[in-house]
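Per-entry structural report
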Amino acid sequence: MNQADVSKLISQLRIAVRPKARNLKNKDGPEGRLLKLRKTVTALVKHERIELYYNRADEARGYAELLISNAIRHGDRHKATMELADYWLLEKQLVHKLFKVLVPRYENFNVSYTRMYKAPRDYPGMYYKKSVLELRGNPYPALTPDLSQNRNLLHNVLLDEARKEFKREQLAELANKLAAESGTKSTTTTSVTSDMPKEQKTENETPTTV
Amino acid sequence: MSVVAKLHRTTWSTLKQLQQNGRKARFSASATTSRNDLFTHEQRRQREAVGRVDKIEVRYMGQPEDVTLVMNKHISTPYNCAQHLSEGICKRSALALIDGSVPWDMHRPLPESCTLQLLHFFVAEPHLVNKAFWRSCSFMLGAALSRIFKTEARLQLHSFPSPNIKSGSFVHDVVLGTHTWEPTKAEMRAVSAEMVKLAARDIPIERLEVEQELAQEMFKDSRYKNAQLPSIAQQNQGRVTLYRLDDHIDISRGPMVGSTRFLGKCTIIGAHKLSNKGATDAFYRFQGVALPSGFMLNHVAYSLLEQRAQKLNPARLPNEPFEDQQQLQLS
């Protein structure tokens, strides 16, 4: 009855986390693993985009998400959060960056704070999967091409035409309805056309490109 | 004893049936092989007619850097130029642009010195390459249809109108030996699957210009193509442009993309009956929508495109009188 709502005790992450942690082979054991991850999280907060092996990136990503999420939830007056930041960020000036730059940036986000891409592996070289881990909203140019801007691309031409046809059909439908309603009353065509655009904007939900 | 006799009778009847089917299939198969033999023969003849090899200078403009290539006149193609640049460019280039304005097939020999640009689907102004893609889709649809229909259906390819992407679908008009075929979803899916199979096989699309007489000889068993040939040849100084995909040969003005590999997501979604043709046959219009490989589209958005492609395409119908020969099929 008086139990706390468990789901609110810890931050809910917006990424898929593996049920089991990776050991990330290290001669110092679990401590060495954590030091590796602390270095990665520090580098991510510092550089905002890093390229590294997939396993280490995926493992560090969850901790970075948790750190930012807690910082947003509790703010910089919360002792536990401050300790968490102190632990994960090896360079202490980054604690300021976390609360003064990243928290305002991600306050109103409803998606994850980080992004991960698969990167090509070196050839010839180590046969380990590589990846790029980045903070969203970083100042670098985007890694993936933006296919929604160029309206001449084939899929955009098709989608634009589909949207136009949808609007035409709606217009015709509405005109028919008005004509049927008015019956013998003579309606001016100008009133019909002036009404149209508002209706379509609300009704037309044709999705754009991805 | 009676069982043996029964068995014998059944095997005999199936054998006979098989033989009959085989004869039917052999007839159309032999027409295809003879057409292909003529195509290959003419291709070789044209290659040998080049004679002494002259050199041309091709100025390539684009990534990774502008270079001048010394190529063979009437032999080297834009694809060969791409081979000098990189494997990535070879794979990516769907169409070439000669002297900044003339679209050119990737596998068509270059006749003289020129500048060369290689186009792909993500360039800033992709109109030309989009159009070539749409045309290739119509052409591939013809190949897929002629593979998938049994001989009993008496399928004859008629033509395809010039590509219009804004209409939302690519089209191939055919004549089927029935008045009352209602395509089911499964049948349309089978045609789509055939298109996907063609795409997966990465077959180069070859181009060949031939004299009208040879084209008549090649299409002598195809009634509709044979009727179209004189007017097509008349517009092009007695020559006809043919395209080949594996063993499928069709007439088209071109240009087309270099390979079937460029077809990505593809759905053949509509087959509309246009009109009856004679006592037994009827015109059908097959329609589909496709995206080049590499385009990722949300499935909701793609389903909207599919719905639109299902409606009858308003392009010129094959049974309408050819009032304007320029418009006549196969651009």
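So, how was this worked out
Residues numbered from 1 in each chain as written. Chains lettered and ligands numbered in written order. Predicted model: local features only at pLDDT ≥ 70, side-chain atom pairs only at ≥ 80, totals over all residues. Heavy atoms only, no water. Helix = DSSP H or I, 4+ residues; strand = E, 2+ residues; numbered from the N terminus. Buried < 20%, exposed > 50% of the residue type's maximum accessible area, 1.4 Å probe, protein only. Contact = heavy atoms within 4.5 Å. Areas by Shrake-Rupley, 256 points an atom, 1.4 Å probe, with all protein chains shown as cover. Buried area = accessible area lost by both parts, 1.4 Å probe. Salt bridge = Lys/Arg side-chain N within 4 Å of Asp/Glu carboxyl O. Pairing = 2+ DSSP bridges. pLDDT = per-residue confidence, 0-100. Axes fitted to C-alpha atoms, helices over the stretch in contact; angles between N-to-C directions.

Quick word on the overall build of chain A
When helices and strands are counted, chain A shows seven helices and three strands. Secondary structure of chain A in N-to-C order comes out as α-α-β-α-α-α-β-β-α-α. Looking at the 210 residues of chain A, the share that counts as buried comes to 37%. A separation of at least 24 residues holds for 64% of the contacts in chain A among residues at least 6 apart in sequence. Put simply, chain A shows about 14100 Å² of open surface, and 54% of that area lies on carbon and sulfur atoms.

Thoughts on the overall build of chain B
Scanning chain B from terminus to terminus reveals eight helices and twelve strands. In chain B, which comprises 331 residues, the share counted as buried stands at 46%. Long-range pairs, those at least 24 residues apart, make up 70% of the contacts in chain B with a sequence separation of at least 6. Total accessible area on chain B stands at roughly 16600 Å², and carbon and sulfur atoms take up 53% of it.

Here we look at the interface of chain B and chain A
The interface of chain B with chain A comprises 27 residues on the first partner and 16 residues on the second. The contact between chain B and chain A buries some 1800 Å² in all, and 71% of this surface belongs to carbon and sulfur atoms. A per-residue breakdown of the area chain B buries against chain A is headed by Phe295, Leu305 and Arg308 of chain B, which together make up 25% of the total. At the junction of chain B with chain A, the criterion picks out three salt bridges. A salt bridge links Glu165 of chain A to Lys311 of chain B; the shortest N-O distance between them is 2.8 Å. Listed by contribution, the elements that provide at least two residues to the side of chain B that touches chain A are helix H4 (127-148), strand S12 (281-292) and helix H8 (299-310) of chain B.

A word on the pattern of salt bridges
On inspection of all chains with the given rule, the structure shows 36 salt bridges over all chains. Residue Asp58 of chain A pairs with Arg22 of chain A through a salt bridge whose shortest N-O separation is 3.2 Å. In this pair, Asp58 of chain A sits in helix H3 (residues 54-74) while Arg22 of chain A sits in the loop between helix H1 (6-9) and helix H2 (30-47), placing the two residues 36 residues apart along the sequence. When the shortest N-O distance is used, the salt bridge between Glu169 of chain A and Lys311 of chain B registers 2.8 Å. Of the two residues, Glu169 of chain A is situated in helix H6 (residues 154-182) and Lys311 of chain B in the segment after H8; the pairing between them involves two chains. One salt-bridge network, held together by shared partners, links Asp105, Arg108, Arg207, Glu209, Glu211 and Arg239 of chain B.

Quick word on the pairing of strand S2 (residues 67-72) of chain B
Residue and element names in this part refer to chain B. Bridge analysis of strand S1 (residues 55-60) against S2 gives six bridges, and the strand direction is antiparallel. If you follow Ile56 over to S2, its bridge partner there is Met71. Where S1 hands over to S2, the hairpin turn is made up of six residues, of which Gly62 adopts a positive phi near 145°.

Side note on the confidence of the model for chain A
The predicted structure's coordinates, where accompanied by low pLDDT, should not be read in detail. Overall, the predicted model of chain A reaches an average pLDDT of 88, with 87% of residues at or above 70. Long-range and interchain partners of residues 187-210 of chain A, a stretch whose pLDDT sits below 50, account for 30 contacts in this model, where long-range means more than four residues apart.

So, the sheet that holds S1 of chain B
Residues and elements named next belong to chain B. Reading across the sheet, the five strands line up as S2-S1-S5-S3-S4 and stay open at both edges, with mixed pairing between neighbours. Strands at the two margins of the open sheet, each flanked by one partner only, are S2 and strand S4 (102-104). On average, each strand axis in the sheet is tilted by 35° relative to the strand beside it, whichever way the strands run. By the bridge criterion, four bridges tie strand S3 (residues 95-98) to strand S5 (residues 114-119) in an arrangement that is antiparallel. By the bridge assignment for S5, Ile98 is matched with Leu116.

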